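Fold and contact review
Below are the chains, spelled out letter by letter.
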Number of protein chains: 2
Amino acid sequence: MINTLVEKIKKLNAPIVVGLDPKLQFVPEFIQKKAFEEYGETLEGAAHAILEFNKGIIDTTYDLIPAVKPQIAMYEQFGIPGLKAFKETVDYAKSKGLVVIGDIKRGDIGSTSEAYAVGHIGKVKIGSQSIAPFDEDFVTVNPYLGTDGVKPFVDVCKENDKGIFVLVKTSNPSSGEFQDQKIDGTPLYELVGKQVAKWGEDFMGDEYSNVGAVVGATYPEMGKILRNIMPKTYILVPGYGAQGGTAKDLKPFFNEDGLGAIVNSSRGIIAAYKQEQYAQFGEEGYADASRAAVEFMIKDIREGVGL
Amino acid sequence: MINTLVEKIKKLNAPIVVGLDPKLQFVPEFIQKKAFEEYGETLEGAAHAILEFNKGIIDTTYDLIPAVKPQIAMYEQFGIPGLKAFKETVDYAKSKGLVVIGDIKRGDIGSTSEAYAVGHIGKVKIGSQSIAPFDEDFVTVNPYLGTDGVKPFVDVCKENDKGIFVLVKTSNPSSGEFQDQKIDGTPLYELVGKQVAKWGEDFMGDEYSNVGAVVGATYPEMGKILRNIMPKTYILVPGYGAQGGTAKDLKPFFNEDGLGAIVNSSRGIIAAYKQEQYAQFGEEGYADASRAAVEFMIKDIREGVGL
């Protein structure tokens, strides 16, 4: 699956992914109103509103971007109807030719990780049938439980030509609390990075591994070190834009070949119409505002990174 | 919520929780057959089978146990129908007076953790409404992202009188890969344990905090150290039984007051009918076999710990 992603990134010269994290406050009033009129102020109403919102953004941006990254928490908070909207978002994005990275950050002991893997990027056996329940292309994985929590994901990837991104150094302010702790002089995130590179050897694509890493744009110096430790690892980089990472912070995450990283923006794209810069689009033009924000982001990153 | 849990544990003198992790291979043929006849070999069929299976176990054990712990991965692997079965299991267990610990191991950056917290142990705002989507009593939380990934859970706990158990030292074989790494001589799990105790000060019950910890029965020496570091922290202890932890390994997890720990068994209870010891119950008697296994576990732990 990493080959497909790299191919798309090259073709579009756009190493970006749009984070579909549809908080209800990002959804324009007119969409909320319509959904609430039909389904009430219920979990169903909220789920329909966010799905409608997502479709608008996908429709206006899919020709510019290689991938989307729905954050499952934003759907799970609306219970079963929300998770249905997650699944429908995955399917809709795939129908438009987009690669879908499910930002699920799952991770557990062996057999339990296997169940998550099967549910999201594999097929579950039911009697004589094999069914792919969520069927994202990639998912994010939490490494705190060590190799036997991650390997089942890698095994399921191999069987189904899928990929994962393992959390190494996250973009949030307190990520250093445990991740930066030094073990014989080496920070934990480096230790995790080394393991990610090792896990990745098990399922290589042509140039990069199907086992990627998550490293926040907010920590460019650590990005540089991790880039060297994991030369064949694709890095999913959150934290650009709303969280404070700038385009010039992104250069260290890329390899000499101009590949090796894919940068996420969520709020900056999907709630662009709320920014002064895109205010002229208005609420009704929220999707066109997202397209303009995507165009700006691509230009910004091409210039900042030198692509 | 920790007060409610402690009260139930005291009343039953049974510091145990039954892990409802219904892999399809644990579900007796006759239940699978009935579900597949009605719903086909589909996600719906599997979901109905595991829900029926769970109800049988809850019906025969609820008077003996304070709590159940459904592992959401085992439901999520069956997609939306599976997650519906998770929610129905939560509701059914609560209707029988059981405390429900959602074993979800979620954890993300601040606003995303908040969405998970709201979805599982809080209420989500939709227009003028506040709705509790999954409504477990406790959930498990992954600490890899640090304080700003955990605090939103604590805040939502406070608003809704709920609780969490944070992963400190997990029961799996490779848990030491990162968790045991030494930082200035102190292993990471101790550092996490200290933070759990600190987070817990923020929302105390009468004797124990609403912020608990997960420490595997498979590591009793570490349990002893962590017990001392976190005297007011309830410890959820997986790994007893099928994973290899014995009753005498459990003593260090308890305080002098005979409280402070709750021990989980999943496979050992719910698939008891597959063990030689309970074979006489047969498939049809799987729920009675579970009751017998619960009775054995309670006796074993009372003796091993000295309760």
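Rules used in this analysis
- Residues numbered from 1 in each chain as written.
- Chains lettered and ligands numbered in written order.
- Predicted model: local features only at pLDDT ≥ 70, side-chain atom pairs only at ≥ 80, totals over all residues.
- Heavy atoms only, no water.
- Helix = DSSP H or I, 4+ residues; strand = E, 2+ residues; numbered from the N terminus.
- Buried < 20%, exposed > 50% of the residue type's maximum accessible area, 1.4 Å probe, protein only.
- Contact = heavy atoms within 4.5 Å.
- Areas by Shrake-Rupley, 256 points an atom, 1.4 Å probe, with all protein chains shown as cover.
- Lys, Arg positive; Asp, Glu negative; His and termini not counted.
- Charge placed at Lys NZ, Arg CZ, Asp CG, Glu CD.
- Buried area = accessible area lost by both parts, 1.4 Å probe.
- Salt bridge = Lys/Arg side-chain N within 4 Å of Asp/Glu carboxyl O.
- Nonpolar A, V, L, I, M, F, W, Y, C, P; charged D, E, K, R; others polar.
- Expected span 1.5 Å × (residues − 1).
- Axes fitted to C-alpha atoms, helices over the stretch in contact; angles between N-to-C directions.
- Parallel < 35°, antiparallel > 145°, perpendicular 65-115°, else oblique.
- Left-handed = near helix turned anticlockwise from the far one by under 90°.
- Pairing = 2+ DSSP bridges.
- Right-handed = clockwise from strand over helix to strand, strands pointing away.
- 1 Å grid on protein atoms, 1.4 Å probe; cavity = no way out; pocket = protein on both sides within 12 Å on 5 of 7 lines; lining within 4 Å.
- Points joined across faces, edges and corners; volume = space filled by probe spheres on them.
- Core = buried A, V, L, I, M, F, W, Y, C linked by side-chain atoms within 4.5 Å.
- Least-squares fit on C-alpha atoms with pLDDT ≥ 70 in both.

Now for the overall build of chain A. Within chain A one finds twelve helices and twelve strands. Taking the principal axes of the C-alpha coordinates as reference, chain A spans close to 60 × 55 × 35 Å. Every one of the 307 residues in chain A was classed for burial, and the buried ones make up 64%. For chain A, restricting intrachain contacts to residue pairs at least 6 apart in sequence, the fraction spanning at least 24 positions comes to 73%. Counting every atom, chain A has about 10,600 Å² of accessible surface; 48% of that belongs to carbon and sulfur. Across chain A, the 33 positively charged side chains and the 42 negatively charged ones have centroids separated by 3 Å.

It is worth spelling out the interface of chain B and chain A at this point. Listed as interface residues are 70 residues of chain B and, on the opposing side, 70 residues of chain A. Taking both sides of the interface into account, the surface hidden between chain B and chain A amounts to around 5,600 Å²; carbon and sulfur atoms contribute 63%. Taken together, chain B and chain A are joined by four salt bridges. Residue glutamate 76 of chain B pairs with arginine 106 of chain A through a salt bridge whose shortest N-O separation is 3.0 Å. A per-element tally of the side of chain B that touches chain A places helix H6 (residues 110–121) of chain B first, with seven residues. Residues that form the side of chain B that touches chain A fall into these classes: 32 nonpolar, 25 polar and 13 charged.

The subject of this paragraph is helix H9 (residues 188–201) of chain B. All names here are of chain B. Counted at 1.5 Å a residue, the expected span for H9 with its 14 residues is 20 Å, and the 20 Å between its end C-alpha atoms agrees. Of all 14 residues in H9, ten are buried; the element is thus mostly enclosed. Among all positions in H9, only Leu188, Tyr189, Glu190, Val192, Gly193, Gln195, Val196, Ala197, Trp199 and Gly200 are buried.

Quick look at unusual backbone geometry now. Residues and elements named next belong to chain A. For asparagine 13, which is not a glycine, the phi torsion comes out positive at approximately 45 degrees. Structurally, asparagine 13 can be placed in the loop between helix H1 (2–12) and strand E1 (16–20). Even without being a glycine, aspartate 135 presents a positive backbone phi close to 60 degrees.

All names here are of chain B. The N-to-C vectors of helix H2 (residues 29–39) and helix H3 (residues 43–61) enclose an angle of 140 degrees; their axes lie 8 Å apart at closest approach. Here H3 runs oblique to H2, going by the angle between their axes. Note on packing geometry: the crossing formed by H2 with H3 is right-handed. Across the interface between the two elements, Ile31, Gln32, Ala35, Phe36 and Tyr39 of H2 pack against Glu44, Gly45, Ala46, His48, Ala49, Glu52 and Phe53 of H3. Tallied by class, the residues present in the contact of H2 with H3 amount to seven nonpolar, three polar and two charged.

The next point concerns the pairing of strand E6 (residues 138–141) of chain B. Residue and element names in this part refer to chain B. Burial of E6 is two-sided: the residues Phe138 and Thr140 facing one way and the residues Val139 and Val141 facing the other way are all buried. Note: strand E3 (residues 99–106) against E6, three bridges, orientation parallel. Residue glycine 102 lies in a different strand from E6, and its bridge partner there is valine 139. Looking at chain direction, E6 and strand E7 (residues 163–169) are connected through four bridges and run parallel. Each bridged residue has a counterpart across the sheet, and for phenylalanine 138 the counterpart in E7 is glycine 163. Each parallel crossover has a hand, and the one from E6 via helix H7 (residues 147–160) to E7 is right-handed.

A separate point is the layout of surface pockets. Considering only enclosed or pocket space, the largest pocket measures out at about 360 Å³ in volume. Among the secondary structure elements, those contributing two or more residues to the lining of the largest pocket are helix H2 (29–39) of chain A together with H6 and strand E4 (124–126) of chain B. No other element matches the four residues that H6 of chain B contributes to the lining of the largest pocket. Along the lines of polarity and charge, the residues of the lining of the largest pocket split into eight nonpolar, five polar and four charged. The computed volume of the second largest pocket comes to approximately 300 Å³. Taken together, 14 residues line the second largest pocket, and the ones lying closest to its centre are Lys251, Pro252, Phe254, Asn255 and Glu256 of chain A. Here the lining of the second largest pocket gets three residues from one element, more than from any other, and that element is helix H10 (residues 220–229) of chain A.

The next point concerns helix H6 (residues 110–121) of chain A. All names here are of chain A. Helix length check: H6 (twelve residues) gives 16 Å between terminal C-alpha atoms against 16 Å at 1.5 Å per residue, within 8%. With nine of twelve residues buried, H6 is to be regarded as a mostly interior element. Within H6, burial applies to Thr112, Ser113, Ala115, Tyr116, Ala117, Val118, Gly119, His120 and Ile121.

Let us look at the nonpolar core. With 234 residues, the main nonpolar core has Ile164 and Leu250 of chain A together with Ile164 and Leu250 of chain B as its most contacted residues. Among all residues touching leucine 250 of chain B, those that are not within four sequence positions of it are Ala217, Val237, Tyr240, Val263, Ile301 and Val305 of chain B.

Quick look at the packing of helix H9 (residues 188–201) of chain A against H10 of chain A now. All names here are of chain A. Here H9 crosses H10 at 30 degrees, and the two axes come no closer than 9 Å. The orientation of H9 with respect to H10, classified from their angle, is roughly parallel. Remark: the crossing between H9 and H10 carries right-handed chirality. Only Met222, Ile225, Leu226 and Ile229 of H10 make contact with H9, whose side of the interface consists of Tyr189, Glu190, Gly193, Lys194 and Ala197. Here the residues of the contact of H9 with H10 are counted per class, giving six nonpolar, one polar and two charged.

On to the relation of the copies chain B and chain A, then. Once turned by 180 degrees and shifted 0.0 Å along the axis, chain B lies on chain A with an RMSD of 0.0 Å. Such a turn and shift between the copies fits a two-fold axis. Of every C-alpha in chain B, the one belonging to isoleucine 183 of chain B sits nearest the axis of rotation, 2.6 Å from it. Comparing interface residues between copies, 100% of those in chain B also lie at the interface in chain A; the contact surface is shared.

Worth remembering: the numbers are spatial, not functional.
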